[in-house]
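The residues making up each chain are set out below.
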Amino acid sequence: MAKYKVYTDGACSGNPGPGGWGAVIICEDRVDEISGYDKNSTNNRMELLAPINALKRIKAGSEIKMYTDSQYVKNGITEWINTWLSNDWKTSKKQ
């Protein structure tokens with residue numbers, strides 16, 4: 001099984017405003033850098049797009065260690081995910 005380390009970050013200049021995201025994906029001696037931007041986005045969206053796009057490049061079933069400085073990303077996947085799933089990805093206002 002392949003083992004990956006993934007480092008992610010995202011940011012915006014203004015919120016909303018122009019933003020970008022990036023990720024470094026490491027597997028053994030291979031290093032891939034990916035990034036993207038949006039002319040009008042939010043900080044949280046950019047923070048989320050980094051790990052989402054990194055995961056899209058990794059084969060399912062792989063072992064992954066994800067590193068982020070974003071509490072939004074960390075809490076989303078470790079704490080809030082079960083509530084989001086039980087609410088069918090809708091907000092408390094059912095939107």
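Presented here is a report on the structure given in the accompanying data block.

**Regarding the nonpolar core**
Logical step 1: Formed by Tyr4, Val6, Cys12, Trp21, Ala23, Ile25, Cys27, Ile34, Met46, Ala50, Ala54 and Ile58, the largest nonpolar core amounts to 12 residues.
Logical step 2: Contributions of two or more residues to this core are made by strand S1 (3–12), strand S2 (17–27) and helix H1 (43–56).
Logical step 3: Of the residues forming this core, the biggest block, four residues, is contributed by S2.
Logical step 4: Once residues lying within four places of it in the same chain are set aside, the contact partners of cysteine 12 are Gly17, Pro18, Gly19, Ser41, Thr42, Asn43 and Met46.

**Re the pattern of salt bridges**
Any two side chains of opposite charge can pair, on the condition that their charged atoms come close.
Logical step 1: This model, assessed by the stated rule, comprises two salt bridges.
Logical step 2: One salt bridge in this structure joins arginine 30 and aspartate 32, with 3.2 Å as the shortest N-O distance.
Logical step 3: For aspartate 32, a relative accessible area of 25% gives the class partly exposed.
Logical step 4: Of the charged contacts, one joins arginine 45 and aspartate 38 as a salt bridge, the two residues approaching to 2.8 Å between their closest N and O atoms.
Logical step 5: Taking the relative accessible area as the measure of exposure, arginine 45 reaches 40% and is therefore partly exposed.
Logical step 6: Using a relative accessible area of 24% as the deciding quantity, one classes aspartate 38 as partly exposed.

**Considerations on the sheet that holds strand S4 (residues 63–68)**
Logical step 1: With respect to topology, four strands assemble into an open sheet ordered S3-S2-S1-S4, the strand pairing being mixed. Two strands close off the open sheet at either side, each with one partner strand: strand S3 (30–41) and S4. Taken pair by pair, the neighbouring strands of this sheet meet at an average axis angle of 15°, ignoring direction.
Logical step 2: In the sheet, S1 pairs with S2 via nine bridges, with the strands oriented antiparallel. Each bridged residue has a counterpart across the sheet, and for tyrosine 4 the counterpart in S2 is cysteine 27.
Logical step 3: Those strands touched by H1 are S1, S2, S3 and S4, and its axis lies near 155° from that of S1.

Analysis parameters
Residues numbered from 1 in each chain as written. Predicted model: local features only at pLDDT ≥ 70, side-chain atom pairs only at ≥ 80, totals over all residues. Heavy atoms only, no water. Core = buried A, V, L, I, M, F, W, Y, C linked by side-chain atoms within 4.5 Å. Buried < 20%, exposed > 50% of the residue type's maximum accessible area, 1.4 Å probe, protein only. Helix = DSSP H or I, 4+ residues; strand = E, 2+ residues; numbered from the N terminus. Contact = heavy atoms within 4.5 Å. Salt bridge = Lys/Arg side-chain N within 4 Å of Asp/Glu carboxyl O. Pairing = 2+ DSSP bridges. Axes fitted to C-alpha atoms, helices over the stretch in contact; angles between N-to-C directions.

Fair warning: the whole summary comes from geometry, so function is off the table for now.
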